[in-house]
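Given next are the chains, with one letter for each unit.
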Amino acid sequence: MQVGVFGLGYVGLVTSACLAERGHHVIGVEVNEARLDALKDGMVPFYEPGLHEMVARQRATDHLTFSASGREAAATADVVIVAVGTHDGNGGWQTETMLACLSEVVPHMADDAVLAVRSTLPPDFIRQLPRLLRSIREQAGREPIAAVVNPEFTREGAAIRDYLEAERVIFGVIDDPKGRGVERMNALYEWSTAPVLTMSAIDAAFAKLGSNLFLATKISFANELAALCDAYGAQVDQVVAGMAFDSRIGGRFLRAGVGFGGSCLPNQVTMTVKSATLAGVPSPLLSAVDEINHRQRTDFVANVREMIGGSLEGKRVALLGLTFKPLTDDLRDAPALDIARHLLAGGATVVAYDPMESARVRSADLVPGLEVVSSALEAVEGVDAIGLVTEWPEFLNLDWSVVRAAVRNPVLVDGRGALIPDQMTALGFDYSAFGRGLRAGALATGETEPIGQTSAERSPTATVIEAYAPLQVE
Ligand code: UGA
């Protein structure tokens, strides 16, 4: 099929490359000249494992081309996919880009072409789409077209696999005047073995939103559980392993830590709370999810401070990891940046390292005063505390005995519960992590000594490791 993809950010570019890989002829349209030029020069403007190679492969076969001209791509496409940005950069939605794109593209689409909206949009806007699309077509003197919402469920760092091996494909019908829109979308996804669900557009929009809100809720739940574990001396990994065998619960997205960042989960929680408030719908659960998520960052800093004697003034702290999660160079709402700002505000010198060079360069700009270095060992040299913020494999595979020898004071706060506590303690680190005896958590309950069994007394069984696998990168 001929496919036009509008907007070549994470979602649009992954969609374009994957559809080309599955045999379709894709024209990717991007209005940002710098981004388009970079793509034409063979550069993918962000890091996503396997994407650079896939784009190069498909460009070489001519299955994937890039263009600035929306008209031609719209006029020749069997399916037009719109994947433009919808965040206002301030925790809210913006629909101007989507409106501009639709008014540019929709008038030129063939009468039997299908429009597939892949961007995540506010529910109110989704409800207006049928009328809006019909009026754009009418003003252009054209027949109404078929249109669906086709939400994406891909994670950064695993986007290609998540798209090509999707767990479900959803078509939310906006309008289907001749009843052939869904048929054509099924043909577009003929290669997929995932179950296909067809529903109304508003249901599809909420299926997407609901999925992210639920994942965010799971993480904040794990973080609240971790705080309870710290107060009572339980180990959150053991607790989650004990829960995960229940197939109604499962163990994924229950990793306690500094919380969720990125461009999706935090924004969608805050945007939903904002829109719900405007609509007069109370959302106490989601407000709490948001609050807990931010508390994790504050607690992380408080814990570092407690472990180095109650003051950050004049102390040197190393941060390992800047991106919001491993296998990406994305810094949007990355917990590390907030944590760095708080540590600096407390009077500490903060030295950070991340395996992604581009993330290192941008972090130095985003956080004035942050020292960024080009290796983990350089970062930890002579520090009073190490904070692990992103569980990059490089950090898990560090020779921690060398790290131990390099620091001035062996305080290690594992913000992702990614290291093995017993190993770290055996090396002489004063180790703490959320739900594994977080010091500030214990102090908050009036306890200054660790309560309950120490992690050394609880050697995890092989089954537990297999069930929960805390070292795995999500
Ligand atoms: C998320 C969803 O997982 C995707 O399904 C969705 O398609 C995407 O948003 C989107 O709406 O576009 P993403 O933001 O790429 O994907 O990243 P996640 O893997 O969901 O991780 C989000 C954050 O949660 C990260 O900061 C991660 O470190 C954190 N996290 C994840 C935890 O703190 N604990 C966990 O157990 C899992």
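Rules behind the numbers
Residues numbered from 1 in each chain as written. Predicted model: local features only at pLDDT ≥ 70, side-chain atom pairs only at ≥ 80, totals over all residues. Heavy atoms only, no water. Helix = DSSP H or I, 4+ residues; strand = E, 2+ residues; numbered from the N terminus. Rg over C-alpha atoms; globule rule 2.2 N^0.38 Å. Contact = heavy atoms within 4.5 Å. Areas by Shrake-Rupley, 256 points an atom, 1.4 Å probe, with all protein chains shown as cover. Lys, Arg positive; Asp, Glu negative; His and termini not counted. Charge placed at Lys NZ, Arg CZ, Asp CG, Glu CD. Near = heavy atom within 4 Å. Polar contact = N/O pair within 3.5 Å; in protein donor to acceptor, adjacent residues only side chain to side chain. Pairing = 2+ DSSP bridges. Axes fitted to C-alpha atoms, helices over the stretch in contact; angles between N-to-C directions. Buried < 20%, exposed > 50% of the residue type's maximum accessible area, 1.4 Å probe, protein only. Parallel < 35°, antiparallel > 145°, perpendicular 65-115°, else oblique. Left-handed = near helix turned anticlockwise from the far one by under 90°. pLDDT = per-residue confidence, 0-100. Nonpolar A, V, L, I, M, F, W, Y, C, P; charged D, E, K, R; others polar. Arc of directions from axis to C-beta. Disulfide = S-S within 2.5 Å.

**Brief notes about the overall build of the protein chain**
Here is step 1: Along the backbone of the protein chain there are 20 helices and 14 strands.
Here is step 2: Here the C-alpha radius of gyration of the protein chain, 24 Å, is about what a compact globule of 474 residues would show, namely 23 Å.
Here is step 3: At a minimum sequence separation of 6, the contacts of the protein chain that also span at least 24 residues come to 76%.
Here is step 4: When the accessible surface of the protein chain is totalled, it reaches about 20,100 Å², and 53% of it is carbon and sulfur.
Here is step 5: Within the protein chain, one finds 40 positive and 59 negative side-chain charges whose respective centroids are separated by 3 Å.

**With respect to the site of the ligand**
Here is step 1: Taken together, 21 residues surround the ligand, and among them E152, E156, K208, N212 and K325 come closest.
Here is step 2: Between G261 and the ligand, the recorded distance is 3.0 Å, taken from a backbone N or O atom to an oxygen atom.
Here is step 3: Between an oxygen atom of the ligand and a side-chain N or O atom of K325, the distance comes to 2.8 Å.
Here is step 4: With the chains in place, 96% of the 720 Å² that the ligand exposes on its own is no longer accessible.
Here is step 5: Within the residue set of the shell around the ligand, elements represented by two or more residues are α9 (201-232) and α11 (265-278).

**With respect to the sheet that holds strand β9 (residues 316-320)**
Here is step 1: In spatial order, the strands read β11-β10-β9-β12-β13-β14; together these six strands make up an open sheet with parallel pairing. The two strands at the open ends of the sheet, each matched to only one other strand, are β11 (371-372) and β14 (430-433).
Here is step 2: Against the sheet, helix α12 (residues 284-307) touches β9, β12 (385-388), β13 (411-414) and β14, its axis set at about 165 degrees to β13.
Here is step 3: Taken strand by strand, helix α13 (residues 335-345) contacts β9 and β10 (349-353), and its axis lies near 180 degrees from that of β9.

**Some remarks on the side chain of S263**
Here is step 1: Relative to the elements of secondary structure, S263 occurs in the loop between α10 (236-244) and α11.
Here is step 2: For S263, a relative accessible area of 7% puts it in the buried group.
Here is step 3: The contact partners of S263, leaving out residues within four places of it in the chain, are H87, E156 and R332.

**Remarks on unusual backbone geometry**
Here is step 1: If you check the backbone angles, F253 has positive phi at about 60 degrees while not being a glycine.
Here is step 2: Locating F253 in the fold gives a position in the loop between α10 and α11.
Here is step 3: One non-glycine residue with positive phi stands out, namely L327, at about 65 degrees.
Here is step 4: As for its position among the elements, L327 is in the loop between β9 and α13.
Here is step 5: Overall, the relative accessible area of 29% leaves L327 in the partly exposed class.

**Comments concerning the packing of α9 against α10**
Here is step 1: Put simply, α9 and α10 touch, their axes get as near as 9 Å, and they point 125 degrees apart. The angle between α9 and α10 places the two elements in the oblique class. The interaxial crossing formed by α9 with α10 has right-handed handedness. For the pair α9 and α10, the contacting residues are F221, A222, L225, A226 and C229 in the first and V236, V239, V240 and M243 in the second.

**Points about the confidence of the model for the protein chain**
Here is step 1: Overall, the predicted model of the protein chain reaches an average pLDDT of 92, with 93% of residues at or above 70.
Here is step 2: Counted against residues more than four places away or in other chains, residues 445-474, with its pLDDT under 50, gives 52 contacts.

**Quick look at the packing of helix α5 (residues 96-105) against helix α6 (residues 123-139)**
Working note: a packed helix pair is described by the angle between its axes plus the distance between those axes.
Here is step 1: Axis separation between α5 and α6 bottoms out at 11 Å; the angle between their running directions is 25 degrees. By the angle between their directions, the pair α5 and α6 is classed as roughly parallel. Here α5 runs over α6; the crossing is right-handed. Between α5 and α6, the residues in contact are M98, L99, L102 and S103 and F125, L129, L132, L133 and I136, respectively.
Here is step 2: Class assignment of the residues belonging to the contact of α5 with α6 gives a composition of eight nonpolar, one polar and no charged.

**Some remarks on the side chain of E391**
Here is step 1: The residue E391 is located in the loop between β12 and α16 (393-396) in this model.
Here is step 2: Separated by 2.8 Å, the side chains of E391 and R255 make a polar contact.

**Considerations on the sheet that holds strand β3 (residues 64-67)**
Within a beta sheet, neighbouring strands are joined by backbone hydrogen bonds and run either parallel or antiparallel to one another.
Here is step 1: A sheet is described by the order of its strands in space; here eight strands give the open sequence β3-β2-β1-β4-β5-β6-β7-β8, paired in mixed fashion. A single partner strand is all that each edge strand has here, and the edge strands are β3 and β8 (196-200). The sheet shows a mean angle of 25 degrees between the axes of neighbouring strands, taken without regard to direction.
Here is step 2: Strand direction decides the pairing type here: strand β1 (residues 2-6) and strand β4 (residues 79-82), joined by four bridges, are parallel. For F6, the partnering residue across the bridge sits in β4 and is V82.
Here is step 3: The strands touched by helix α1 (residues 10-21) within the sheet are β1, β2 (25-29), β3 and β4, with β3 carrying the most contacts at an inclination of about 145 degrees.

**Here we look at α10**
An α-helix turns once per 3.6 residues; consequently, residues spaced three or four apart project the same way.
Here is step 1: Regarding α10, the residues found buried are V236, D237, V240, A241, M243 and A244. Each buried residue of α10 lies within a common arc of 165 degrees when the element is viewed along its axis, so the set occupies one face.

**Observations concerning the state of the cysteines**
Here is step 1: In total, this model carries zero disulfides according to the counting rule given.
Here is step 2: Take C18: it sits in no disulfide, and the sulfur closest to it among the cysteines is that of C264, at 16 Å.
Here is step 3: Accessibility expressed as a relative area gives 0% for C18, which makes it buried.

**A closer look at the environment of R57**
Here is step 1: Within the secondary structure, R57 sits in helix α3 (residues 51-60).
Here is step 2: Here the alpha-carbon distance between R57 and P122, two residues 65 residues apart in the chain, equals 35 Å.

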